[in-house]
Amino acid sequence: QVQLVESGGGLVQAGGSLRLSCAASGRTTSSYAMGWFRQAPGKEREFVSAISKSGGRTDYADSVKGRFTISRDNAKNTVFLQMNSLKPEDTAVYYCAARVASVMFTPRTGYDYWGQGAQVSVSS
């Protein structure tokens, strides 16, 4: 069993920045692909970003490409999402996820473990 806990959410003005962290415990996540998803009120959960097991490859949804950066520190079992140039449409609950096995380096589906979510609100 893997437990994922997000932190770093909050309220910022448009154009501002936030960095989300996802701390894993229970089992090492170094062998897992990791991803970030978000869900706005009344909307389906959508893919935001993913990073390969070693951190060498990344993938981003078109809506955040060029503004968000995903990274990981496997020694600390932690994944980050740096969010810059935030827009009101980025407002959502952001979820960290881990996928145990996949042929793809940066999968967009099939994740096995999920965090509780962190609220990100962008005003103006």
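Everything below is about the structure printed above this text.
On a predicted model such as this, the values are computed, not experimentally measured, just so you know.

**Re the nonpolar core**
Buried together is how nonpolar side chains tend to be arranged in soluble globular proteins. Ranked by size, the top nonpolar core spans 32 residues in total, and within it Leu4, Met34, Trp36, Phe68, Leu81, Met83 and Tyr94 carry the most contacts. For this core, the secondary-structure elements that each account for two or more residues are β3 (18-25), β4 (33-39), β5 (46-51), β7 (68-73), β8 (78-83), β9 (92-99) and β11 (118-123). Per-element accounting of this core gives the leading share, 5 residues, to β9.

**Structural notes on the sheet that holds strand β1 (residues 3-7)**
In any sheet, the strands associate via hydrogen bonds between backbone groups, in a parallel or an antiparallel arrangement. Taking strand neighbours across the sheet as the criterion, the 4 strands line up as β1-β3-β8-β7 in an open arrangement whose pairing is antiparallel. Only two strands of the sheet have a single partner each, and these edge strands are β1 and β7. Adjacent strand axes in the sheet meet at a mean angle of 15 degrees when their direction is disregarded. As paired elements, β1 and β3 share 5 bridges and run antiparallel to each other. Along β3, the bridge assignment pairs Gln3 with Ser25.

**Quick look at the pattern of salt bridges**
One pass over the structure, following the stated rule, counts 5 salt bridges. Across the pair Asp90 and Arg38 runs a salt bridge, and its minimum N-O distance is 2.9 Å. Of this pair, Asp90 sits in the loop between β8 and β9 while Arg38 sits in strand β4, and the two are 52 residues apart along the sequence. Both residues of the pair, Asp90 and Arg38, belong to the buried class. Among the salt bridges present, the one from Arg67 reaches Asp90, with a minimum N-O distance of 2.8 Å. Here Arg67, found in the loop between β6 (58-60) and β7, pairs with Asp90, found in the loop between β8 and β9; they are 23 residues apart in sequence, far enough to count as distant. Per residue, the accessibility class of Arg67 equals that of Asp90, and both read buried.

**Quick notes on the pairing of β8**
Taking burial as the measure, the 6 residues of β8 include 5 buried ones, the bulk of the element. Relative to β8, β3 is paired through 6 bridges, and the arrangement is antiparallel. Counted as the bridge partner of Arg19 is Gln82 from β8. Direction of pairing for β7 relative to β8: antiparallel, over a ladder of 6 bridges.

**Considerations on the side chain of Arg99**
Locating Arg99 in the fold gives a position in strand β9. The side chain of Arg99 sits in the buried core without any salt bridge; Asp112 is the nearest counter-charge, 5.5 Å away. Within the structure, the side chain of Arg99 is placed 2.9 Å from the backbone oxygen of Ala101, a separation counted as a polar contact. Of note is the side chain of Arg99, whose polar atom sits 2.4 Å from the backbone oxygen of Thr109. Those residues within four positions of Arg99 in sequence are excluded, and the remaining contacts are Tyr32, Ala33, Pro107, Thr109, Gly110, Tyr111 and Asp112.

Each value, and the rule that gives it
- Residues numbered from 1 in each chain as written.
- Predicted model: local features only at pLDDT ≥ 70, side-chain atom pairs only at ≥ 80, totals over all residues.
- Heavy atoms only, no water.
- Core = buried A, V, L, I, M, F, W, Y, C linked by side-chain atoms within 4.5 Å.
- Buried < 20%, exposed > 50% of the residue type's maximum accessible area, 1.4 Å probe, protein only.
- Helix = DSSP H or I, 4+ residues; strand = E, 2+ residues; numbered from the N terminus.
- Pairing = 2+ DSSP bridges.
- Axes fitted to C-alpha atoms, helices over the stretch in contact; angles between N-to-C directions.
- Salt bridge = Lys/Arg side-chain N within 4 Å of Asp/Glu carboxyl O.
- Lys, Arg positive; Asp, Glu negative; His and termini not counted.
- Polar contact = N/O pair within 3.5 Å; in protein donor to acceptor, adjacent residues only side chain to side chain.
- Contact = heavy atoms within 4.5 Å.

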